[in-house]
Amino acid sequence: MESPITIKHVDAFVFRAPIANPVKTSFGIMTNRPAVFVRLEDGDGIVGWGEIWCNFPNCGAEHRAKLLNETFKPLLINQVFNHPTAIYQLLHEKTAVLAIQSGEHGPISQVTAGIDLAVWDLFSRKSNQPLWRYLGGINPSIKTYASGINPEKPERAVEVLLKDGFTSFKLKIGFNETTDTENLRNIREMIPKHQLMVDANQAWDLPTAINRIQSIEEFDLNWIEEPIRADSSISNWQTLSRVCKTRLAAGENIVGEQAFNEAIASNVFSVIQPDIAKWGGITACLPIIQSLDKQGIEYCPHYLGGGIGLMASAHLLAASSSTGMLEIDSNPNPLRSLLSGPLTAISHGKVTLSEDIGIGITPNLDALSQFLIH
């Protein structure tokens, strides 16, 4: 039986960390690293931490924090909850019509997800357990891969990442054919036996995707992620799956239980990648992850934000029975590196989560104060 909690405080903290080299994708560039951290405190003074996805657009972090403070906070203060899922259900029900009316389905889903992550952290701390065990996990060791490798001289990044303990790597493609091919060839020559994946970030239409994927299949890729738009018809994805040998991956931009169920039933995706800070949190994503396991689909959580969401993703992966890998951004980001604890100790491509309660970290806001947006 869960010990009930009464929410007494709800706070959002907005951060922006400057970076020397922009993070490039086929659809846009990040010139700084934003984060919105959620802090929940119950009547006993127990605190849980979550994170709201806010990478795009550039003004997104401030907007989502304001949305939390003005719309979500009044729904939670002094409310009593017996289980983490009850909070997600309340917020989903209370904001469903607002999402339709405002057209802000994404931001509302993201704020709900960030609160949900904080709730699960709070309840696991209340039970004096690490989150991975509170969720039913038995093995805190997980596999990882280095993500977000930029197209400029990526072999230099891979060289450093190898020394950091990574054994699997994901390159950003979708720029131009010459650049993509040369980068893949240079990296594959460096790591002939390691796992190599690519992410096109929805860069191509269907005919272009077929042509480009077939042209790079010689590099023995583990998967190609979002080669076409995430909202493309299932029939387009099925066509792509039939004519290309490389496994297809998607999920960070799939939203809603129905959409995930359709993706699972399509038999198109070998890898599905929910982003728990973007939609669903743990409450809505956990049943989907369990469905993936039953269908033999690899669960690899998507994450490219700060350390709180990354730690929650790691614990959820450890709690699942999936043999998938945790995505760890390879680009400098103090909002990640100062908060990701054991995830910095990678050995042979794996990390082991600690026995510390909750997500295993408590953010030091003083250490992050230089990045705080007032």
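Please refer to the structure placed before this passage.
Residues numbered from 1 in each chain as written. Predicted model: local features only at pLDDT ≥ 70, side-chain atom pairs only at ≥ 80, totals over all residues. Heavy atoms only, no water.

### Things to note about the packing of aromatic side chains
Applying the stated criterion to the full structure yields six aromatic pairs. Between F15 and F37 the ring centres are 5.1 Å apart and the planes differ by 45°, which places this aromatic pair in the tilted class. Of this pair, F15 sits in strand β1 (residues 5-24) while F37 is found in strand β2 (residues 29-42), placing the two residues 22 residues apart along the sequence. Assessed through its relative accessible area of 0%, F37 is described here as buried. Aromatic side chains Y145 and W223 sit 5.5 Å apart centroid to centroid with 90° between the ring planes, which places their arrangement in the edge-to-face category. Placement of the pair is Y145 in strand β5 (residues 141-149) and W223 in the loop between α7 (206-216) and β8 (224-225), with a sequence separation of 78 residues. On the basis of relative accessible area, W223 is assigned to the buried category, the value being 0%. (Phe/Tyr/Trp six-rings, centres within 6.5 Å; stacked < 30°, edge-to-face > 60°. Helix = DSSP H or I, 4+ residues; strand = E, 2+ residues; numbered from the N terminus. Buried < 20%, exposed > 50% of the residue type's maximum accessible area, 1.4 Å probe, protein only.)

### Things to note about the pairing of strand β3 (residues 47-52)
Of all the six residues making up β3, six are buried; the element is thus mostly covered by neighbouring parts of the structure. Residues V47, W49 and E51 of β3 are buried on one face, and the alternating residues G48, G50 and I52, pointing to the opposite face, are buried as well. Sheet topology note: the β2/β3 ladder contains six bridges and is antiparallel. Among the inter-strand pairings, V36 is bridged to a residue of β3, identified as I52. Connecting β2 to the next strand, β3, in antiparallel fashion are four residues, including G45 with a positive phi near 85°. (Pairing = 2+ DSSP bridges.)

So, to be careful, I would describe these as geometric facts and stop short of saying anything about function.
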